[in-house]
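Coordinate inspection notes
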Amino acid sequence: MAQKVDCVIIGAGMSGLAAGIRLSMFNKKIVILEKHTITGGLNSYYSRGKRKFDVGLHALTNFVSPEDRGRPFNKLMKQLRIPYSEFKLSQQNYSLIQFPDKKLKFTNEIEFLIEDINRQFPEEIDGFLGLLKYIRDFNEVNLTNETVMAKSVVRNFIKDESLIEMIFCPLLIYGSAWENDMDFSQFVVMFKSIFLEGFSRPEGGVRTIIDLLLKKLSANGGEVRFKSEVTRIISQNGKISAVEVNGSEIIECDSILSSMGLPETMNVLDEKADNLPRVGNLSFTESILIADKKPRDLGIDATIIFYNNRPEYLYQKPQTLIDRESAVVCFPNNFLYDDYDEGVFRVTNIANFDLWNEELLKSKDNYKEKKNEVFNQSLSILKKCGLNSNFEILFKDIFTPTTIKRYTGHLGGTVYGSIDKSRNGTTPINGLYVCGTDQGFLGIVGSMLSGISMANLHILQEGS
Amino acid sequence: MVSNEEVRTKVLEIIADIALDDDVTTIKDDVALRDQLDLDSMDFLDIVMELKKRHKIEVPQEDYTRLASMKSCVEYLAPKFNA
């Protein structure tokens, strides 16, 4: 006889785990199906030798201090019933938006950025303060907000295009599935989470968060099944009834919460819609370097540098393997608390999935050679960010868009998913809901909130 | 017979588990919970679901406002605990 549960959750990433905790907390029978052998999804980790590496997470956004009430991070901890102190958050030193002529510096205190803008763009300071007020008063999580392009709204306040480009740069690359612009609600989510709240890192990195979630899930009686790929979502007359796992086993269920992405979910659905959601254009490479010296010994005390070598910031699919003229460079040693013995440098570039896929199809050697070229590029970007080259490389690793696709199953190797989001989590099929990236809340905090709110809205409230 | 004091204790236990970082020992019974603690509508839903899970007590949506303060909680829930 087929197994029967109340809710099947697809994917053991941040959103799936958070949803699983909520549902199992209230005695719903759930199973989380994960096709990979580890949890975390887009934010995961791995080990090579004695070294541990984070994937995805550069920093946790939405930093709040414990006494700061009603912010997204506090909200989600309360919903998951995990005390604040267990995350052991350590704040960034500062971050830099580095353009050809100007550098803007920001910390977790917005006053710092305001002063820097006042110094470098004195004629724009009133406009920026006006924008700030507008953003603070805006309800970005209202699920019925109209879609408006953010740059057009921001231009009502700020005239200098180069300042606009600088403000958008971190917000786009840390969470936009759209090229060069984003929906204004999404812009406000990102602005608040990065500029008004800010960056931190849990001691021990992303695995600290994942371990907390897993511990809570298992205390509630929830279960994760690994190497369990959902190969079919079974539905009839617009209503789901079961999933098929690994091409054979059937699990019956009342509802499905899928975090595998909107196009990816629709792809395994029995009753296919006429218009499939579009696959996003943006993917990334990342070079990870372990060095014998720490960044501070090599002249850098910034935590994250948003590097851009053009007057405008091109956040779009490049026509080459990677865009060499822009990158995000993360120095995890430069959070307040440094738990690494060695120097760690991470360089992330916007990349073209199709071109990487072609290289891989040509030959493995060819692909390896291209990865090496990316690595050499990242050395030159580190130099342009001001890192002294007087260090030895102890270890290196490079991942590409095809790596992302292999591990996350995301079509096109996307990190921020489809350009078609389902903000209220519904699909044309009854009982099938999406959470995670393609519900539209992004980042680690966003994805956990997505899992929580979709579980509350579609499963807990429905049943109560 | 469940006394009002016992009802209060049971509600307090639930709130303490939800508002992990709040001090629940200083709650004033006639002041709205929302004004004393960091609780939003999502958290009130949790109180309702915990009442159902722990004590098999159902609170229909139209009665959520009856849970506004500790005093009104006890008034509303005591008959249900004793039903």
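Note: the structure precedes this text.
It should be emphasised that the depicted structure is a prediction, and the values quoted were computed from it without experimental measurement.

With that settled, the discussion passes to the overall build of chain A. Assigned secondary structure in chain A consists of 13 helices and 18 strands. Here chain A has a C-alpha radius of gyration of 22 Å; the compact-globule value for 464 residues is 23 Å, and the two agree. Projected onto the principal axes, the alpha-carbon positions of chain A cover approximately 65 × 55 × 45 Å. Contacts spanning at least 24 positions in sequence make up 74% of the contacts within chain A whose residues lie at least 6 apart.

Check the secondary structure of chain B and you find four helices and zero strands. Seen in sequence order, chain B has helices and strands lined up from the N terminus as α-α-α-α. Computed over the C-alpha atoms, the radius of gyration of chain B is 12 Å, within 12% of the 12 Å expected from 2.2 N^0.38 for a compact globule of 83 residues. Taken along its principal axes, the extent of the C-alpha atoms in chain B is 30 × 25 × 20 Å. Buried positions account for 22% of the 83 residues belonging to chain B. Long-range pairs, those at least 24 residues apart, make up 58% of the contacts in chain B with a sequence separation of at least 6.

Residue and element names in this part refer to chain A. A positive phi angle, near 60°, is found at Asn-62, a position not held by glycine. Among the structural elements, Asn-62 can be located in the loop between strand S4 (51–55) and helix H2 (72–80). The phi angle at Asn-180 is positive, at roughly 65°, despite the residue not being glycine. Tracing the sequence through the fold places Asn-180 in the loop between helix H6 (161–173) and helix H7 (184–197). Accessibility expressed as a C-beta count within 10 Å gives 15 for Asn-180, which makes it partly exposed.

On the side of chain A, 15 residues touch chain B, which itself brings 13 residues to the contact. Breaking the side of chain B that touches chain A down by element, the ones donating at least two residues are helix H1 (4–18) and helix H3 (41–55) of chain B. Here the side of chain B that touches chain A gets six residues from one element, more than from any other, and that element is H3(B). Residue composition of the side of chain B that touches chain A, by class: seven nonpolar, no polar and six charged.

The next thing to look at is the packing of helix H1 (residues 14–25) of chain A against helix H8 (residues 206–219) of chain A. All names here are of chain A. Where H1 meets H8, the closest approach of the two axes is 9 Å, and the angle between their N-to-C directions is 25°. With respect to their mutual orientation, H1 and H8 come out roughly parallel. As for how H1 packs across H8, the hand of that crossing is left-handed. For the pair formed by H1 and H8, the contact residues are Leu-17, Ala-18, Gly-20, Ile-21 and Ser-24 on the first element and Leu-213, Leu-214, Lys-216 and Leu-217 on the second. Within the contact of H1 with H8, the residues separate by chemical class into six nonpolar, two polar and one charged.

The subject of this paragraph is the sheet that holds strand S7 (residues 103–106) of chain A. Residue and element names in this part refer to chain A. Strand order in the open sheet formed by seven strands is S7-S6-S14-S15-S16-S13-S17, and the pairing between neighbours is mixed. Each edge of the open sheet is held by one strand with a lone partner, namely S7 and strand S17 (393–399). For this sheet the average axis-to-axis angle between neighbouring strands, irrespective of direction, equals 15°.

The next thing to look at is the pairing of strand S13 (residues 283–291) of chain A. Residue and element names in this part refer to chain A. The buried fraction of S13 amounts to eight of the nine residues, a majority that puts the element mostly inside the structure. Here S13 pairs with strand S16 (residues 343–351) via nine bridges, running antiparallel. Across the sheet, Leu-289 pairs through a bridge with Phe-345, a residue of S16. With six bridges connecting them, S13 and S17 associate as antiparallel partners. Residue pairing across strands places Ala-291 opposite Ile-393, the latter belonging to S17.

Below, the discussion takes up the nonpolar core. Judged by nonpolar contacts, the single largest core of 148 residues is most densely connected at Val8(A), Ala18(A), Ala19(A), Val243(A), Ile256(A), Leu257(A) and Val329(A). With residues up to four places along the chain from it excluded, the contact list for Ala18(A) reads Leu80(A), Leu213(A), Met448(A), Gly451(A) and Ile452(A).

How each quantity is defined
- Residues numbered from 1 in each chain as written.
- Chains lettered and ligands numbered in written order.
- Predicted model: local features only at pLDDT ≥ 70, side-chain atom pairs only at ≥ 80, totals over all residues.
- Helix = DSSP H or I, 4+ residues; strand = E, 2+ residues; numbered from the N terminus.
- Rg over C-alpha atoms; globule rule 2.2 N^0.38 Å.
- Contact = placed C-beta atoms within 7 Å.
- Buried ≥ 20, exposed ≤ 12 C-beta atoms within 10 Å, placed from the backbone.
- Nonpolar A, V, L, I, M, F, W, Y, C, P; charged D, E, K, R; others polar.
- Axes fitted to C-alpha atoms, helices over the stretch in contact; angles between N-to-C directions.
- Parallel < 35°, antiparallel > 145°, perpendicular 65-115°, else oblique.
- Left-handed = near helix turned anticlockwise from the far one by under 90°.
- Pairing = 2+ DSSP bridges.
- Core = buried A, V, L, I, M, F, W, Y, C linked by C-beta atoms within 7 Å.

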